[in-house]
There are 2 protein chains.
Amino acid sequence: MASGTRRRLVVLGSTGSVGEQTLAVAAEFPDRFQVTGLAAGRNLTKLAEQVRRFRPDAVSTADAAGAEELRARLGADAPAFIGSGAEGLERVAVHDADFVMAALVGALGLQPTLAAIRAGRDIGLANKEVMVTAGALVRREVAAHGGGLLPVDSEHSAIFQCLAGQQRDDVSRLILTASGGPFRTWDAARIAQATVKQALNHPNWDMGSKISIDSATLMNKGLEVVEARWLFDMPPKRIDVVVHPQSIVHSLVEFTDGSVLAQLGLPDMRGPIAFALEYPRRLPLDVPRLDLTAVGRLDFETPDTKRFPCLELAFAALAADEAAPAVLNAANEVAVAAFLASEIPFPGIAAANAAVLDAHVSSTGDRSLRDLDDVAEADGWARAQAQEWLAASGLGA
Amino acid sequence: MASGTRRRLVVLGSTGSVGEQTLAVAAEFPDRFQVTGLAAGRNLTKLAEQVRRFRPDAVSTADAAGAEELRARLGADAPAFIGSGAEGLERVAVHDADFVMAALVGALGLQPTLAAIRAGRDIGLANKEVMVTAGALVRREVAAHGGGLLPVDSEHSAIFQCLAGQQRDDVSRLILTASGGPFRTWDAARIAQATVKQALNHPNWDMGSKISIDSATLMNKGLEVVEARWLFDMPPKRIDVVVHPQSIVHSLVEFTDGSVLAQLGLPDMRGPIAFALEYPRRLPLDVPRLDLTAVGRLDFETPDTKRFPCLELAFAALAADEAAPAVLNAANEVAVAAFLASEIPFPGIAAANAAVLDAHVSSTGDRSLRDLDDVAEADGWARAQAQEWLAASGLGA
C-alpha cells in the first residue's frame, strides 16, 4: 500500500501500556500506519525515543517544563508542535489524523477524547473512564459526528468482533466474561479479612493496583458493563456477566436464533489494538496462538453478587440515571484508595460505593449528562460523599 | 413483509429430520417463506400432510407407484406436478425457487443438488455426501453458476457463522470440534472388542446408525474435514480437529491476528437451518438458550489418531486426489455395514478404509472429478475393493 494512503494515528497516552503496544503494532506495519501525534505525561525519555522513531509532527507532555525539556532533548528532531497540559493534549487530539487511540488513564482523557470525537475521528477506546463516566454523552457525540468508536479492552473488543457482519436487531444478549479475581473461591468471612497484598494478586493478568482491586471486587466488570451498555447501545437487562476463571473466552454475544458467538485468545492486548486500528480487516500478528487442547478446560460460573456486590451496583447505576455511573466510579476510586492505604477493610469498598450511589439516587431526580461539566460535578460530588461516608462510618482514616 | 417477496423454498428430502425441521422453520415464519417444491421417498403419509399444509406446486416421490398413490390420497389437493424417481427429483430440484434445501441422504442427492446449483439456486447443504464425494466438482459448479452454498450441519454452520463479516484472507485456520464419540475414553484393547450396541451409544446426539458408527470411529469428523475443505475452499493443512466432549462449541475459526471466533449453542438443528435460510440475517427462534454456567465446563483434547485412525485417512484422501474422498466414503459405507452386520470387529472399519484408500492411491495417478460419472466410478470401484478386502482379510462374511 502506498505511503499516501497510510492510516494516520494519534496516540494519547503513548508511554503507557496500550500506547506503547499501539506504537509497536504501527512499527510492525509501517506501510499501513503513520504516527502524526503523540501525547504523554512525564516519561520524557520514552516520549523522546518515540518521537525519534515515529516522527510525529505534534506532541504534548504533562506540563510546560516537560515540553521545554523535550524540545531541548530532541534538538533538531523536535516536531513542529510541542504543547503541554490540557491545551496541548487537546491540540494533539484533534491533530491531522484518521484514528485517535484514547489510551490515557482516568478523567484526564475525557476532554481530549471528546474533542477527537467532535473532529470526526475514529476513536480507539482504551480509556475506560470515558465510557464509564460519560457514556451517554459520548454516545450522542459519536452519533452526531460520524466517527467510529472502536473498543480496545479485551472484553469489548471480543463483543465487537462477534458483532462484525451481524445485524444489531439480531442480537439478544451481550455476555461479558470475568476472571472472578483472586477471591473467586473465597468465602465471605475470608474475603472480609483480605489484605491489600492478597487483593493485588490477580490470577491471570499483571495490572496496576487500582484495576487489580477492581478485579477483586468485580467492580471492574461492573464498569465494563457500563461501558458495554454505551459502546453497543444495549439495554442493561440484555447484558450478562459470567465468571470464567481461565480468561480465554474474552466475551460472547447471543443472537435471537439462540446461537452464541464467542471470541477467544491468549491474553495479549495487541489483538484488540490491531483489530481497532485495522477494522474491519485484521493484521497478521506474531502473537502466541491459542491451543485449546493445551488449555484443556474452560469453566463458567454465575457471579456471586452476595460476596461481590459491586457488580450489581453497576447495574443499579445504569438503572438510575446518566450521571450515576460517574458517581459510582468516583466513589469507587476514593474507596479503593482508602483500601490500598489500609484505611478500610476489603468489604468497605462495596459498602462505600453502595452508600454513595444510594445517596445520589435519593438526592437527585433523573439527571442527564449535557456536557463534561455535568460529569465533573457528579464526580466531585461523589468523591466528597465517599470521603464523608468513610469518615462517618469510622472506617476512613 | 409482503407475500410477493417471500423466499421460495424447495426441500429435497422433506420427510427426513432436516427436511421436517426446515418445514417447521418455514411454518413458523409464513411471511418469510413459501414452499414451492417437496421431494421425499416412501413416507407418503407424511408427504401428503406436508403437501396439504404447505401447498407446493411440485412434488416427487421415490417411484411411480408412490406418485400415483399420493395423487389419489390428495385428490383435489394434489399439486400441479407430481413426479417420481431420479427424473421427478431433478424436476423438483430445479423448480421455481430461491433456495433449495438439499436434505436427502446418500449419493441419491448428488444429481438433483448439482442440477439446483446449475440453475443458480442458493443451496442449503445437509446432504453430506455431496461435498464428501464430489466436493471439488461442486465447488467449481457453484463458482460457475453464482448461487450460494450454505452449510446446514452444526459444525460447518458454526464456521460459516464465524466467517460472516470477516475477510477470508484474514482466516488462518478452521477448527472443527468432535464429540469424540462413545469410545473417547476407552483404550485400544477395549475398542477392539467394541460391540455394535456400544458403538451406537453416542453421548450427545440421537442419530441414525451409520452416522453413529462414523462418530465412534471419528470417520464422521474426517468426512466433515473433507466437506470443510471444499465448502470453505480451505487447504487441508489449515483445518484442525479438536475433541470437545460436551458438543457446545460447534466449531471455531482462527484469524491471522491470533483471534479465535467460536460458535456455541445447545444442539438443535433449527439454528443452522434457519441461518442458512435467512443468511445473512437471523430468525428469532424459540429454541432453548445456552446457559454456560449450567454447562459449567467445556473440555478440549487432541484427537488420538492411534485409537481413531479414520480421521487421518480423511486428510490422506484430501492429499491424494479429487476422487480419493469419494473412494474413502464408499469404502467406509461398506465397512460400516459389515460392522453393523457383526461381520467385522470395530477396528476392521478403519483397516478396510485404509486398505481401499491405499489401493486407490497406488493404482491411480492424480485424478480429478470432471463430472458425476467420475464420482460414480470412484464410488463403485471402492465398494468392490472394500468387499474384496473384507473377503480376503477373512473378516467379511
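Definitions and cut-offs
Residues numbered from 1 in each chain as written. Chains lettered and ligands numbered in written order. Predicted model: local features only at pLDDT ≥ 70, side-chain atom pairs only at ≥ 80, totals over all residues. Heavy atoms only, no water. Least-squares fit on C-alpha atoms with pLDDT ≥ 70 in both. Contact = heavy atoms within 4.5 Å. Buried area = accessible area lost by both parts, 1.4 Å probe. Salt bridge = Lys/Arg side-chain N within 4 Å of Asp/Glu carboxyl O. Polar contact = N/O pair within 3.5 Å; in protein donor to acceptor, adjacent residues only side chain to side chain. Helix = DSSP H or I, 4+ residues; strand = E, 2+ residues; numbered from the N terminus. Phe/Tyr/Trp six-rings, centres within 6.5 Å; stacked < 30°, edge-to-face > 60°. Buried < 20%, exposed > 50% of the residue type's maximum accessible area, 1.4 Å probe, protein only. Lys NZ or Arg CZ within 6 Å of the ring centre and 35° of its normal. Pairing = 2+ DSSP bridges. Axes fitted to C-alpha atoms, helices over the stretch in contact; angles between N-to-C directions. Expected span 1.5 Å × (residues − 1). Arc of directions from axis to C-beta. Left-handed = near helix turned anticlockwise from the far one by under 90°. Nonpolar A, V, L, I, M, F, W, Y, C, P; charged D, E, K, R; others polar. Bend = angle between axes of the 7 residues up to and from the residue.

### What about the relation of the copies chain B and chain A?
- Note on the identical chains: chain B maps onto chain A by a rotation of 180 degrees and an axial translation of 0.0 Å, with an RMSD of 0.0 Å. The superposition operator between the copies reduces to a two-fold rotation axis. Using C-alpha coordinates, one finds that chain B approaches the rotation axis most closely at glycine 165 of chain B, a distance of 1.8 Å.
- When you check the interface residues of chain B against chain A, 100% turn up at the interface there too, and the contact is symmetric in its surfaces.

### Some points on the interface of chain B and chain A
- Each partner contributes to the interface: chain B provides 41 residues, whereas chain A provides 41 residues.
- Taken together, the two surfaces of chain B and chain A that pack against each other cover about 3700 Å², and 49% of this comes from carbon and sulfur.
- The largest contributions to the chain B side of the interface with chain A come from Asp257, Arg282 and Phe300 of chain B, which together make up 19% of the buried area.
- In this structure, the connection of chain B to chain A is made through 6 salt bridges.
- With its nearest N and O atoms 2.8 Å apart, the salt bridge here joins aspartate 257 of chain A to arginine 282 of chain B.
- At the surface where chain B touches chain A, the tally comes to 26 residue pairs in polar contact (both at pLDDT 80 or more).
- At the level of elements, α7 (154-163), β8 (171-178), β10 (249-255), β11 (260-264), α13 (292-295) and β12 (297-299) of chain B are the ones that each hand at least two residues to the side of chain B that touches chain A.

### Digging into the packing of aromatic side chains
- The tally for this structure, following the rule as stated, stands at 12 aromatic pairs over all chains.
- Aromatic side chains phenylalanine 275 of chain A and tyrosine 279 of chain A sit 5.7 Å apart centroid to centroid with 70 degrees between the ring planes, which places their arrangement in the edge-to-face category.
- Where phenylalanine 160 of chain B meets tyrosine 279 of chain B, the ring centres are 4.7 Å apart and the plane angle is 40 degrees; that geometry is what we call tilted. Residue phenylalanine 160 of chain B is found in helix α7, and its partner tyrosine 279 of chain B is found in the loop between α12 (270-278) and α13; the two are separated by 119 residues along the sequence.
- Taking the relative accessible area as the measure of exposure, tyrosine 279 of chain B reaches 36% and is therefore partly exposed.
- Three or more aromatic residues joined by ring pairs form one cluster here, namely Phe183, Trp186, Phe339 and Phe346 of chain A.
- The cationic tip of arginine 190 of chain B hangs over the ring face of tryptophan 186 of chain B; the distance from NZ or CZ to the ring centre is 3.6 Å.

### As for the sheet that holds strand β5 (residues 99-102) of chain B
All names here are of chain B.
- The strand order across the open sheet formed by 7 strands is β4-β3-β2-β1-β5-β6-β7, and the pairing between neighbours is parallel. The open sheet has two free edges, formed respectively by β4 (81-84) and β7 (149-151), since each of these has just one partner strand. Between one strand and the next, the sheet's axes are offset by a mean angle of 25 degrees, whatever the strand orientation.
- With 3 bridges joining them, strand β6 (residues 122-125) and β7 adopt parallel strand pairing. Counted as the bridge partner of isoleucine 123 is leucine 149 from β7.
- Those strands touched by helix α4 (residues 85-93) are β1 (7-12), β2 (33-39), β3 (58-61), β4 and β5, and its axis lies near 135 degrees from that of β4.

### Considerations on helix α17 (residues 372-392) of chain A
Residues and elements named next belong to chain A.
- For α17, with 21 residues, the first-to-last C-alpha span of 30 Å sits near the 30 Å given by 1.5 Å per residue.
- Turning to α17, its buried residues number three or more, namely Leu372, Asp374, Val375, Ala378, Asp379, Ala382, Ala386 and Leu390. One face of α17 carries all of its buried residues, which in axial projection span an arc of 150 degrees. α17 presents Asp373, Glu388, Ala391 and Ala392 as exposed residues on the side facing more than 90 degrees away from its buried surface.
- The secondary structure elements touched by the buried residues of α17 are α5 (110-118), α6 (128-145), α15 (324-340) and α16 (346-363).
- Measuring from the side-chain oxygen of the N-cap residue of α17 to the backbone nitrogen of aspartate 373 gives 3.0 Å; that N-cap residue is aspartate 371.
- Two residues or fewer after α17 comes glycine 394, characterised by a positive phi angle close to 80 degrees.

### A word on the packing of helix α1 (residues 17-28) of chain A against helix α12 (residues 270-278) of chain A
All names here are of chain A.
- Between α1 and α12, whose axes approach to 10 Å, the crossing angle comes to 60 degrees. Handedness of the crossing formed by α1 with α12: right-handed. Note on element contacts: α12 touches α1 through Arg270, Ile273, Ala274 and Leu277, opposite Val18, Gln21, Thr22 and Val25.
- Residues that form the contact of α1 with α12 fall into these classes: 5 nonpolar, 2 polar and 1 charged.

### A closer look at the pairing of β10 of chain B
Residues and elements named next belong to chain B.
- Most of β10 is tucked away, with 7 of its 7 residues classed as buried.
- As paired strands, β8 and β10 are joined by 5 bridges and run antiparallel to one another. Bridged to leucine 174 within β10 is valine 253.
- Sheet topology places β10 next to β11; 5 bridges connect them, and they run antiparallel. Note on β11: the bridge partner recorded for valine 249 is leucine 264.
- Linking β10 to β11, which pair antiparallel, is a turn of 4 residues; within it glycine 258 sits at a positive phi near 90 degrees.

### Some points on the sheet that holds strand β4 (residues 81-84) of chain A
All names here are of chain A.
- The 7 strands lie next to each other as β4-β3-β2-β1-β5-β6-β7, forming an open sheet whose pairing is parallel. On the outer flanks of this sheet lie β4 and β7 (149-151), each paired with one strand and no other. Adjacent strand axes in the sheet meet at a mean angle of 25 degrees when their direction is disregarded.
- Relative to strand β5 (residues 99-102), strand β1 (residues 7-12) runs parallel, the two being bridged by 4 bridges. Each residue of the ladder has a partner; that of valine 10, found in β5, is valine 100.
- Along the sheet face, α5 touches β1, β5 and β6 (122-125) and points at about 150 degrees away from the line of β6.

### A short note on α6 of chain A
Residue and element names in this part refer to chain A.
- A rise of 1.5 Å per residue sets the reference length of α6, with its 18 residues, at 26 Å; its end C-alpha atoms lie only 21 Å apart and thus fall more than 12% short of the reference.
- A bend of about 100 degrees at alanine 134 is the largest found in α6.
- Of all the 18 residues making up α6, 13 are buried; the element is thus mostly covered by neighbouring parts of the structure.
- Glycine 146 lies just past α6 and shows a positive phi near 80 degrees.

### Observations regarding the environment of threonine 195 of chain A
Residues and elements named next belong to chain A.
- As for its placement among the helices and strands, threonine 195 is situated in the loop between α8 (188-192) and α9 (196-199).
- The exposure class assigned to threonine 195 is partly exposed, which follows from its relative accessible area of 37%.
- Each C-alpha atom of the pair threonine 195 and proline 345 lies 7.8 Å from the other, and the pair is 150 residues apart in sequence.

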